[in-house]
Amino acid sequence: MRVLFFACTLALAGAANAAVIGPHSRGDEVLRAQVLLDRAHFSSGEMDAAYGSNMRQAIRGFQKLHQLPVTGVVDAATWTELERDQAPVLDVYTVTAQDVAGPYTPVPAGMMAKAKLPALGYANLAEALGERFHINPDLLRRLNPGKVLARAGTQLVVPNVAAAKPLPKAASILVDAKEGTLTLLDAGGMPFAQFPASTGSKHDPLPEGRWQVRGVAVNPEYRYNPKLFWDAQAGDSKARLAAGPNNPVGVAWIELSKEHYGIHGTPEPGKIGKTQSHGCIRLTNWDVMAVVRSISRGAVVLLQQSA
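Below is a summary of the structure that appears in this document. Just so it is clear, the structure is predicted and the values come from calculations on it, not from any experiment.

**Regarding the overall build of the chain**
Argument step 1. Scanning the chain from N- to C-terminus turns up nine helices and twelve strands.
Argument step 2. Here the chain has a C-alpha radius of gyration of 19 Å; the compact-globule value for 307 residues is 19 Å, and the two agree.
Argument step 3. Seen through its C-alpha atoms, the chain measures out along the principal axes to roughly 55 × 50 × 30 Å.
Argument step 4. Taking as baseline every contact in the chain between residues at least 6 positions apart, the subset at least 24 positions apart corresponds to 62%.
Argument step 5. Roughly 14,600 Å² of accessible area belongs to the chain as shown, and the carbon and sulfur atoms make up 54% of that amount.
Argument step 6. Each charge class in the chain was averaged separately, 31 positive and 26 negative side chains, and the resulting centres sit 3 Å apart.

In structure tokens form, the structure reads like this:
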């Protein structure tokens, strides 16, 4: 009954009676807002049904685009704009035999151990489905109590992320380290999409300036050089790590004109915007693929520490 209640709440609640979503908010209405923001291309990253810093920035970006008061809170006016997207918030997905078959392999922590694997695919089906539907695997399980994920034919309630419209081509990319965001801009400099990003650390600060996209590699191998990492483990050596979503750069690498720097995916979507990077710009795997589809070689990339 809980799943049916959840689905009905998300499908039927309207702006007139929707709760205000702000700090400490959790539950059905937060997830509904996260799905609508995701489909509007103002991603809060991995959906978790809880208001946090990534969601706050997604709301602020959406409000700026629609010329609403920029509060970082989903109020009645913001709900009204979000709900112009009237597609169902939730969908039903039927697990396939291919989903169950995988293959799935536990991924070790160390670079040298990862380098021994022939592929860096998903560790399990919950992780794979989480990335497909942009949702925290634990929340996916809570949406589907009593259901066995790894059984062909199982019907799962999932965020309806497939209803999002394709992004147009971006003329430039703006990365703001203070905000923890990557924004796509059109030829007139207007933003039309925003994603949470991890953007460096005190050891490897974001290289401020104007750069360009040199190229894109989808499903890349990763060449590890411990000399480039201040926190490399003693005894590490150069290594080539196989492609896959659990590769250190995830499913895509967007090379920048600044040597050794790029925009890429991650094997840990729940940490985006919450932990530091080694100087590059990290996005969730699904968000980096959205950027890949929107940009072309030569696109301008503006990196800044603060707005």
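**Re the sheet that holds strand β9 (residues 252-256)**
Argument step 1. Across the sheet, eight strands lie side by side as β5-β4-β3-β12-β6-β9-β10-β11; this open sheet has mixed pairing. At either end of the open sheet lies a strand with only one pairing partner, and these are β5 (191-196) and β11 (281-282).
Argument step 2. With five bridges connecting them, strand β3 (residues 172-176) and strand β12 (residues 300-304) associate as parallel partners. What sits directly across from V175, in β12, is L303.
Argument step 3. This element, helix α3 (residues 53-65), spans β4 (181-185) and β5 of the sheet and lies at about 175° to β5.
Argument step 4. On top of the sheet, helix α9 (residues 285-294) reaches β3, β4, β5, β6 (209-218), β9 and β10 (262-264); it is set at about 55° to β9, its chief contact.

**Regarding the layout of surface pockets**
A probe as big as a water molecule, rolled over the atoms, marks out the empty space that is left.
Argument step 1. Computed from the structure, the second largest pocket encloses a volume of approximately 490 Å³.
Argument step 2. Examining the composition of the lining of the second largest pocket, we find that seven residues originate from one element, α9, more than from any other.
Argument step 3. The residue inventory of the lining of the second largest pocket, partitioned by class, reads twelve nonpolar, five polar and five charged.

**A word on the side chain of S198**
Argument step 1. Its location among the elements puts S198 in the loop between β5 and β6.
Argument step 2. Separated by 3.0 Å, the side chain of S198 and the backbone nitrogen of G273 make a polar contact.

**Some details on the side chain of E81**
Argument step 1. Assignment of secondary structure puts E81 in helix α4 (residues 76-82).
Argument step 2. Assessed through its relative accessible area of 19%, E81 is described here as buried.
Argument step 3. In this structure E81 touches F62, H66 and L68, once residues within four positions along its chain are discounted.

**Here we look at the packing of aromatic side chains**
Argument step 1. Applying the stated rule across the entire model yields two aromatic pairs.
Argument step 2. When the ring of F42 is compared with that of F62, the centres are 6.1 Å apart and the planes differ by 80°; the resulting orientation is edge-to-face. With F42 in the loop between α2 (28-39) and α3 and F62 in helix α3, the pair connects residues that are 20 residues apart, well separated along the chain. The burial state of F42 is the same as that of F62; both residues are buried.

**Points about the environment of Q212**
Argument step 1. As for its position among the elements, Q212 is in strand β6.
Argument step 2. Given a relative accessible area of 42%, Q212 falls into the partly exposed group.
Argument step 3. Once the C-alpha coordinates of Q212 and H264 are considered, the two residues, 52 residues apart in sequence, prove to be 15 Å apart.
Argument step 4. The contact partners of Q212, leaving out residues within four places of it in the chain, are E255, L256, S257, G298, A299 and V301.

The rules we used
The numbering scheme is per chain: residues are counted from 1 as the chain's sequence reads. Confidence filtering applies because this is a predicted model: local features only for residues at pLDDT of at least 70, side-chain atom pairs given and counted only at 80 or more, and all residues used for totals across whole chains, interfaces and linings. The basis for every side-chain value is the complete set of non-hydrogen atoms in the structure, without hydrogens or water. By the criteria applied, helices consist of DSSP H or I runs no shorter than four residues and strands consist of E runs no shorter than two, each listed in order from the N terminus. Here the radius of gyration uses the C-alpha set of atoms, whereas the globule reference equals 2.2 Å times the residue count to the power 0.38. Contacts: residue pairs with any heavy atoms within 4.5 Å of one another. What sets the accessible areas is the Shrake-Rupley method with a 1.4 Å probe; for residues, cover comes only from the shown protein chains. Neither His nor the chain ends is counted toward charge; the positive residues are Lys and Arg and the negative residues Asp and Glu. Where a charge sits is defined by one atom per residue type, namely NZ (Lys), CZ (Arg), CG (Asp) or CD (Glu). Two strands are counted as paired when DSSP detects at least two bridges linking them. Axis geometry follows a simple rule: fit a line to the C-alpha atoms, using only the stretch in contact for helices, then measure angles between N-to-C directions, giving values from 0 to 180 degrees. Using a 1 Å grid laid over the protein atoms alone, points where a 1.4 Å probe fits but cannot get out form a cavity; open sets with protein on both sides within 12 Å along at least 5 of 7 lines form a pocket; any residue with an atom within 4 Å of a point counts as lining. Grid points are joined across faces, edges and corners, and a volume is the space filled by probe spheres set on the points. Put simply, Ala, Val, Leu, Ile, Met, Phe, Trp, Tyr, Cys and Pro go in the nonpolar bin, Asp, Glu, Lys and Arg in the charged bin, and everything else, Gly too, in the polar bin. Any pair of N or O atoms that falls within 3.5 Å is considered a polar contact. Within protein, one atom must be able to donate a hydrogen and the other to accept it, and sequence-neighbouring residues count only if both atoms are side-chain atoms. Throughout, exposure labels follow a simple rule: accessible area from a 1.4 Å probe, protein chains only, divided by the maximum for the residue type, with under 20% read as buried, over 50% as exposed, and the rest as partly exposed. Side-chain rings of Phe, Tyr and Trp (the six-membered ring for Trp) are treated as a pair once their centres are within 6.5 Å; stacked means planes under 30 degrees apart, edge-to-face means over 60, and tilted covers the remaining angles.

This is a description of form; function is not addressed.
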